[in-house]
There are 2 protein chains.
Amino acid sequence: MITKSQPIGIFDSGIGGLTVAKAVIEALPNEDIIYFGDTARVPYGIKSEETVRAYALEITRFLLKRGVKMILIACNTVSASAKKEIIEAAGEVPVLDVITSGTQKAVSLPNHQHVGVIGTLGTVNSQAYVKAIQSHDGSIEVSQQACPLLVPLAEEGWIDNDVAVQTLHHYLDVFKGSGIQSLILGCTHYPLFKEVIPKVMNGEGVEIIDSAESIAASAKTKLQELNLLNKDGGDFHCFVSDRPQRFHELAERFLGRDLKSVDVVSLD
Amino acid sequence: MITKSQPIGIFDSGIGGLTVAKAVIEALPNEDIIYFGDTARVPYGIKSEETVRAYALEITRFLLKRGVKMILIACNTVSASAKKEIIEAAGEVPVLDVITSGTQKAVSLPNHQHVGVIGTLGTVNSQAYVKAIQSHDGSIEVSQQACPLLVPLAEEGWIDNDVAVQTLHHYLDVFKGSGIQSLILGCTHYPLFKEVIPKVMNGEGVEIIDSAESIAASAKTKLQELNLLNKDGGDFHCFVSDRPQRFHELAERFLGRDLKSVDVVSLD
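How each quantity is defined
Residues numbered from 1 in each chain as written. Chains lettered and ligands numbered in written order. Predicted model: local features only at pLDDT ≥ 70, side-chain atom pairs only at ≥ 80, totals over all residues. Heavy atoms only, no water. Helix = DSSP H or I, 4+ residues; strand = E, 2+ residues; numbered from the N terminus. Rg over C-alpha atoms; globule rule 2.2 N^0.38 Å. Buried < 20%, exposed > 50% of the residue type's maximum accessible area, 1.4 Å probe, protein only. Contact = heavy atoms within 4.5 Å. Areas by Shrake-Rupley, 256 points an atom, 1.4 Å probe, with all protein chains shown as cover. Lys, Arg positive; Asp, Glu negative; His and termini not counted. Charge placed at Lys NZ, Arg CZ, Asp CG, Glu CD. Arc of directions from axis to C-beta. Polar contact = N/O pair within 3.5 Å; in protein donor to acceptor, adjacent residues only side chain to side chain. Pairing = 2+ DSSP bridges. Axes fitted to C-alpha atoms, helices over the stretch in contact; angles between N-to-C directions. Domains from an automatic or database assignment. Buried area = accessible area lost by both parts, 1.4 Å probe. Salt bridge = Lys/Arg side-chain N within 4 Å of Asp/Glu carboxyl O. Least-squares fit on C-alpha atoms with pLDDT ≥ 70 in both. UniProt positions renumbered as here; feature names shortened; annotations may be inferred. Parallel < 35°, antiparallel > 145°, perpendicular 65-115°, else oblique. Left-handed = near helix turned anticlockwise from the far one by under 90°. Nonpolar A, V, L, I, M, F, W, Y, C, P; charged D, E, K, R; others polar.

Draft legend 1. Inspection of the overall build of chain A at higher detail. Across its full length, chain A holds eleven helices and ten strands. In terms of C-alpha radius of gyration, chain A reaches 18 Å, essentially the compact-globule figure of 18 Å for 268 residues. A buried classification covers 59% of the 268 residues belonging to chain A. Contacts in chain A between residues far apart in sequence, at least 24 positions, make up 78% of those at least 6 positions apart. Surface exposure of chain A reaches about 10,400 Å², of which carbon and sulfur atoms provide 47%. When the 24 positive and 33 negative side-chain charges of chain A are each reduced to one mean point, those points stand 4 Å apart.

Set out below in structure tokens:
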């Protein structure tokens, strides 16, 4: 029996998913949240699907043991490779993922015929957004671009300097004149470039879809439907599998606020 | 009893250490070489020292089981954090590391008073090059610069485009006018920028020290001393803990030749 007072579980391969936590805290300030970032094994984007699935199931079991009422897959790579397995493992606990939420937002825009997607190599190669969008409407064209350098740029804090702008041009100029009407930010790190991307895409009038905001909105709707909204929470607890260099600086950049409570746990 | 026909073991957190393997193959073409790249757990540079030590010891045991006659630590992060533990675990098998070899090259240059070092955050924060250089000669000044974006740039293959040059300016301009006489490339990926770095440092007359070449030279000298040079080998065998996206393309870029034999093994 799931109750309102149980926490929401959010997880990612690392701390990039804190952009999702940030969006969820803003949309649902009275919920308790447990975040797990697999910082010992990040990045997932270059790993094989088998490895990603095994890691994702370990984290799912970790969250379920802590009594979460809902699981949000903040990691695009995991959403692409392991969503089915996580839903099975979670049983009655609802599971939402960034790919489904971002896709729903894109296909809900009026007269939408061409969607752009940027992500890691793993996400792009998995074709997960293409399949998700075309399962809603097979006539929608999807153009993808892998942007491997954006994660390290975000972690270096170079989100609007000359190198960031030049790198974004290398990746995004291919979309110019292509007729895309929206651009899904298909990686948890990319919301940090939300200010500069429209400038690089200048004059194209492309709607930027932030999948962190999309999944936060989906979570709110789902909890309302299930009558599981909490009114008395608001705690945020962060678990990581390792405490990397510059952890606090990075975490606070992504979360947009102080990170008070962090525990390092081993999943082995 | 160590014999000439046993292979040389080389390991790294990932496939960057293939630049070391390349240099060893060039210096010692008749040796059999076993390479291990921990591609399932790369990168080490952002992980805690405890985690790096545990991983490095697992790999050391893997190589010893395969009967190596020498271990080359190609990973700067491991060299900085776990050298002592690896030497203990290796017993009579000699262990060389990139930091010691790069340092020996730098301090052997005539009238050397100021050395520059670039590396990952982990290597720079460990102060390992500073300690190693100053243990040779306490009067030598060492200036360090962490360059977190160079690894992803090398993996993207952007080693001489506008973004690479601009990024190198961000990191290296601090050395201009500083009076450094040499610059140690303190990360296995950095030899890929060996052509463009002198252009970015234009007119400074700085000697670039490639620690892959340095450790290959040290290995040759050590095997000669121990009368352990092989005349009949020449095989190269690559083990990885996971087969990441674009693995072959990347491996061949770093190794500079075809990668024929690759096995995926689990250390667990």
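Next comes the rest of the description.
Draft legend 2. Highlighting the side chain of S214 of chain B. Structurally, S214 of chain B can be placed in helix α10 (residues 211–225). Those residues in contact with S214 of chain B that lie beyond four places of it in its chain are S101, G102, K105 and I209 of chain B.

Draft legend 3. Looking closely at helix α8 (residues 162–172) of chain B. Residue and element names in this part refer to chain B. Inspection of α8 places V163, A164, T167, L168, Y171 and L172 among the buried residues, and these make up the whole buried set. Around the axis of α8, the buried residues are gathered within 145 degrees of arc, so they sit on the same side. The N-cap of α8, judged by a side-chain oxygen 3.1 Å from the amide nitrogen of V163 a few residues on, is N161.

Draft legend 4. Expanded view of the sheet that holds strand β6 (residues 141–146) of chain A. Residues and elements named next belong to chain A. The strand order across the open sheet formed by four strands is β6-β5-β7-β8, and the pairing between neighbours is parallel. Each edge of the open sheet is held by one strand with a lone partner, namely β6 and β8 (207–210). Pairs of neighbouring strands in the sheet enclose a mean axial angle of 25 degrees, with direction left out of account. On top of the sheet, helix α10 (residues 211–225) reaches β7 (182–186) and β8; it is set at about 60 degrees to β8, its chief contact.

Draft legend 5. Quick look at the domain arrangement of chain A. Residues and elements named next belong to chain A. By the assigned domains, chain A splits into domain 1 (8–97 + 213–264) and domain 2 (100–211). Centre-to-centre, using C-alpha coordinates, domain 1 lies 22 Å away from domain 2. On the domain 2 side, the residues contacting the 21 residues of domain 1 number 25 residues. Contact between domain 1 and domain 2 buries roughly 1,700 Å² in total, counting both sides, with carbon and sulfur atoms accounting for 46%. At the surface where domain 1 touches domain 2, the tally comes to one salt bridge. Salt-bridge contacts for E213 lead to K194; the nearest nitrogen and oxygen are separated by 2.9 Å. Linking domain 1 with domain 2 are 14 residue pairs in polar contact (both at pLDDT 80 or more), by the criterion used here. When contributions to the side of domain 1 that touches domain 2 are tallied by element, the ones reaching two or more residues are α1 (18–27), α3 (76–90), α10 and α11 (247–255).

Draft legend 6. Focus on the relation of the copies chain B and chain A. When chain B is fitted onto chain A, the two copies agree to an RMSD of 0.0 Å after a turn of 180 degrees and an axial shift of 0.0 Å. Read as a symmetry element, the transformation amounts to a two-fold axis. Of the interface residues in chain B, 100% have counterparts in chain A that sit at the interface too, so the contact is made through matching surfaces.

Draft legend 7. Representation of the UniProt feature "binding site: substrate" (unreviewed entry) in chain A in the model. Residue and element names in this part refer to chain A. UniProt tags D12, S13, Y44, G45, N76, T77, T188 and H189 as "binding site: substrate" (unreviewed entry). The greatest C-alpha distance among the annotated residues, which extend across 178 residues, is 13.2 Å, indicating that they converge on a single site. If you trace the backbone, T77 turns up in helix α3. With near-sequence residues (within four places) excluded, T77 lies in contact with Y44, G45, V52, T120 and T123. Considering the arrangement of structural elements, one finds H189 in the loop between β7 and α9 (196–200). Under the relative-accessibility criterion, H189 is labelled buried at 7%.

Draft legend 8. Structural view of the interface of chain B and chain A. Taken together, the contacts link 32 residues of chain B with 32 residues of chain A. Carbon and sulfur atoms make up 58% of the area that chain B and chain A hide from each other, which totals about 2,500 Å². Across the contact surface, chain B and chain A share zero salt bridges. Elements with a contribution of two residues or more to the side of chain B that touches chain A: α2 (49–65), α5 (121–126), α7 (150–156) and α8 of chain B.

Draft legend 9. Representation of the packing of helix α4 (residues 98–108) of chain B against helix α6 (residues 128–136) of chain B within the structure. Residues and elements named next belong to chain B. Two numbers describe how α4 lies on α6: the axes approach to 9 Å, and their chain directions differ by 45 degrees. Taken as axis vectors, α4 and α6 run oblique relative to one another. The hand of the α4/α6 crossing is right-handed. Contacts between α4 and α6 involve V98, I99, T103, Q104 and V107 from the former and A128, Y129, A132, I133 and H136 from the latter. Broken down by class, the residue content of the contact of α4 with α6 amounts to seven nonpolar, three polar and no charged.

Draft legend 10. Structural context of the pattern of salt bridges. Residue and element names in this part refer to chain A. What the rule picks out here adds up to 20 salt bridges over all chains. R53 is the salt-bridge partner of E85, the closest N and O atoms lying 3.4 Å from each other. Remark: R53 occurs in helix α2 (residues 49–65) and E85 occurs in helix α3; sequence separation between them is 32 residues. Through salt bridges with shared partners, one network takes in D38, R41 and E58.

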